[in-house]
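The residues making up each chain are set out below.
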Amino acid sequence: MTSPRERIGTAAELESVPTGFTRRNLIGGALAGVAIATAAASGSAHAAAPMRASGASSMANQPFEAVEVVKIGLIGLGNRGMGMLGSWVAVPGAQVVAVCDIRADRATRAADRVAAAGKARPREYGGSDTSFQKMLDTEELDLVYIATPWEFHFQQGRAALLAGAHAGVELPIATELDELWDLVDTSEKTRKHLFLMENCSYGRNELAMLKMAHDGVFGEITSGHGGYLHDLRSLLFSDGYYTDDWRRIWHTKSVASFYPMHGLAPIAAAMDINRGDRFTTLTATSSAPRGLADYRERFVPRDHRSWKEEYINGDLVTCMISTANGRMIRAEHNVSQPRPYSRINTIEGSRGIFEDYAGGDTTGARIYVEPVHSGDTWRGASALRTEYDHWLWKDLEGPAAGGGHGGMDYILQWRIVQLMRTGQVPDIDVYDSAAWCAPVPLSVKSLENKGRPVEVPDFTRGDWKKLRLGLDSVRTTMPAVA
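So, here's what we can say about the structure.

The rules we used
- Residues numbered from 1 in each chain as written.
- Predicted model: local features only at pLDDT ≥ 70, side-chain atom pairs only at ≥ 80, totals over all residues.
- Heavy atoms only, no water.
- Salt bridge = Lys/Arg side-chain N within 4 Å of Asp/Glu carboxyl O.
- Helix = DSSP H or I, 4+ residues; strand = E, 2+ residues; numbered from the N terminus.
- Buried < 20%, exposed > 50% of the residue type's maximum accessible area, 1.4 Å probe, protein only.
- Pairing = 2+ DSSP bridges.
- Contact = heavy atoms within 4.5 Å.
- Axes fitted to C-alpha atoms, helices over the stretch in contact; angles between N-to-C directions.
- Phe/Tyr/Trp six-rings, centres within 6.5 Å; stacked < 30°, edge-to-face > 60°.
- Right-handed = clockwise from strand over helix to strand, strands pointing away.

Brief notes about the pattern of salt bridges
Okay, so step 1: This structure, assessed with the given rule, holds 32 salt bridges.
Okay, so step 2: A salt bridge links aspartate 239 to arginine 305, with the nearest nitrogen and oxygen atoms 2.9 Å apart. With aspartate 239 in the loop between α11 (233–236) and α12 (246–253) and arginine 305 in the loop between α14 (291–299) and β9 (317–323), this residue pair connects regions lying 66 residues apart in the sequence.
Okay, so step 3: With a relative accessible area of 48%, aspartate 239 lands in the partly exposed category.
Okay, so step 4: Assessed through its relative accessible area of 39%, arginine 305 is described here as partly exposed.

Given below as structure tokens:
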């Protein structure tokens, strides 16, 4: 089946699309109940974005400069950083040339692993909280991958851009609104990309759902539901798993929705957020913080240091997000209560619905769309997922099989390297990353104001009205390695 993108045309043609139009408009569909003027008015009703710096310009549709080999430096070699190391080494055309951690022994172990894989041993940096800056000042890097605790992401991501490298940052890219704006501005000034390492955007179900949405399977999209529901209690209290208890400590100092991006990002992509629509307002609610204290009471010895802590982060933080085109998204975060894992991953429109983590069949998803289905009975998603399987999964299912999180980690890393080697536009840019991470500080602001709506900044400064490529990419190949 020919994709909607192949039928639509070039990126330049896409940029001329009027505000409010979806891909279905471009292939013959009609907007159901959403007027272009409404979307434009919604965008203009919000506070103006800060002026773009003199000499800076948008990074939307800005391609990477093509390189034969992507030279990568890693900052942060704990659970996540070390877990991603193997795929960085395995992706064709990627070379890990430097590794850094405040604990020097971790850098050594990482370098040992690269050498054991038959690759050139990367240079090691570590031993202090400024070691990352020494690496950036010393090495000529194409890409810096950052997997440190959340509080360091902004500083290290910004430093990577200023050092002349692109930056891939684990979730979130920053925790404060002014930091998100700073990263947008710094990317625009340095002409280097910074993007969220959102592996779940490359999940097989998520990408198939995206293609279905863009091909009009669900009709006009009206709402979505995504988040991160993962019982982390045992890990949060496991000594050494999160270095210096950093992740548990966040539950003592912030009421934010820390981590909804895993489920929010795929829904945003299916709705063309920053590519024809945008987030406009956010309202947050929170349940009482009971889960961690209850777990501690039952399972943690009284002499453990955690007994000095008071948890203030609600067990379930829910953000209701409105968009310029009249859609609604519910984004949830809960890591403090007993429950099976879910990213929710649900999207609904005028002609049907897709629900992930619902056990429909071997895909774990269920679906109901008209006129394919009838009788008000859920169907498993296998048939439609096969029909709309993204080319990345078709091409990379074998190599990805050994990658983390069911293979989506490898696909994310492979795709970044491929885009950089071929000089293409990134699937995820700094504007997507800032918008997806904005619920972290905005949820705090809303909760502090008794759940009142708060405005979501337009990080694109008006460019959200232009439909453009993203995760719904066209098949391309990885160049051969010389």
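There's more to say after this.
Let's talk about the sheet that holds strand β15 (residues 454–455)
Okay, so step 1: Spatially, 9 strands are ordered β14-β13-β12-β11-β7-β10-β9-β8-β15 in an open sheet, and the strand pairing comes out mixed. What marks the edges here is a single partner per strand, and that holds for β14 (379–380) and β15.
Okay, so step 2: Direction of pairing for strand β11 (residues 346–349) relative to strand β12 (residues 352–355): antiparallel, over a ladder of 4 bridges. Its bridge partner being in β12, threonine 346 is matched across the sheet by glutamate 355.
Okay, so step 3: Here helix α13 (residues 261–270) sits on the sheet and contacts β7 (221–229), β8 (279–286), β9, β10 (328–334) and β11; the angle it forms with β7, its principal contact strand, is near 160°.

Let's talk about the environment of aspartate 129
Okay, so step 1: Within the fold, aspartate 129 resides in the loop between β3 (123–126) and α7 (131–138).
Okay, so step 2: Take aspartate 129: its relative accessible area is 57%, and that puts it in the exposed class.
Okay, so step 3: A sequence separation of 306 residues divides aspartate 129 from alanine 435, and the C-alpha atoms of the two residues are 29 Å apart.

Focus: the sheet that holds strand β2 (residues 94–101)
Okay, so step 1: An order of β3-β2-β1-β4-β5-β6 is seen for the 6 strands of this open sheet, with the pairing classed as parallel. Where the open sheet ends on each side, the last strands, each with one partner, are β3 and β6 (194–196). Each strand axis lies, on average, 20° off the axis of its neighbour in the sheet, ignoring direction.
Okay, so step 2: Across 4 bridges, strand β1 (residues 70–75) lies against strand β4 (residues 143–146) in parallel orientation. Bridging across to β4, isoleucine 75 finds its partner in isoleucine 146.
Okay, so step 3: The strands touched by helix α5 (residues 79–90) are β1, β2 and β4; relative to β4, the strand with the most contacts, the crossing angle is about 145°.

Thoughts on the packing of aromatic side chains
Okay, so step 1: Taken as a whole and judged by the stated rule, the model has 17 aromatic pairs.
Okay, so step 2: Aromatic side chains tryptophan 150 and tryptophan 250 sit 5.6 Å apart centroid to centroid with 55° between the ring planes, which places their arrangement in the tilted category. Here tryptophan 150, found in the loop between β4 and α8 (153–162), pairs with tryptophan 250, found in helix α12; they are 100 residues apart in sequence, far enough to count as distant. Of the two residues, tryptophan 150 and tryptophan 250, neither departs from the other in class, the shared state being buried.

A short note on helix α19 (residues 439–448)
Okay, so step 1: Among the 10 residues that make up α19, 7 are buried, leaving the element largely enclosed by the rest of the structure.
Okay, so step 2: When α19 is considered as a whole, its buried residues turn out to be Pro439, Val440, Pro441, Leu442, Ser443, Val444 and Ser446.
Okay, so step 3: If you follow the buried residues of α19, they end up packed against α9 (177–190), α13, β8, β9, α18 (430–437) and β15.
Okay, so step 4: Within two residues after α19, lysine 450 carries a phi angle of roughly 60°, on the positive side.

A closer look at the pairing of strand β5 (residues 166–169)
Okay, so step 1: Neither face of β5 is exposed, since His166 and Gly168 on one face and Ala167 and Val169 on the opposite face are all buried.
Okay, so step 2: Where β4 meets β5, 4 bridges bridge the pair, whose relative direction is parallel. Across the sheet, isoleucine 146 pairs through a bridge with valine 169, a residue of β5.
Okay, so step 3: A crossover links β4 with its parallel partner β5, the connecting element being α8, and its sense is right-handed.
Okay, so step 4: For β5 and β6, the ladder comprises 3 bridges, and the chain directions are parallel. Bridging from a neighbouring strand, alanine 167 pairs with leucine 194 of β6.

Structural notes on the pairing of β10
Okay, so step 1: The buried fraction of β10 amounts to 5 of the 7 residues, a majority that puts the element mostly inside the structure.
Okay, so step 2: In the sheet, β7 pairs with β10 via 7 bridges, with the strands oriented parallel. Looking at β10, one finds that glycine 224 is bridged to isoleucine 329.
Okay, so step 3: In this sheet, β10 lies alongside β9 in antiparallel orientation, the contact comprising 6 bridges. When the bridges of β10 are listed, threonine 318 appears paired with glutamate 332.
Okay, so step 4: With antiparallel pairing between neighbouring strands as the criterion, β9 and β10 make up a hairpin whose turn holds 4 residues, including glycine 326 at a positive phi of roughly 85°.

Note that all results are geometric; they support no functional claim without further evidence.
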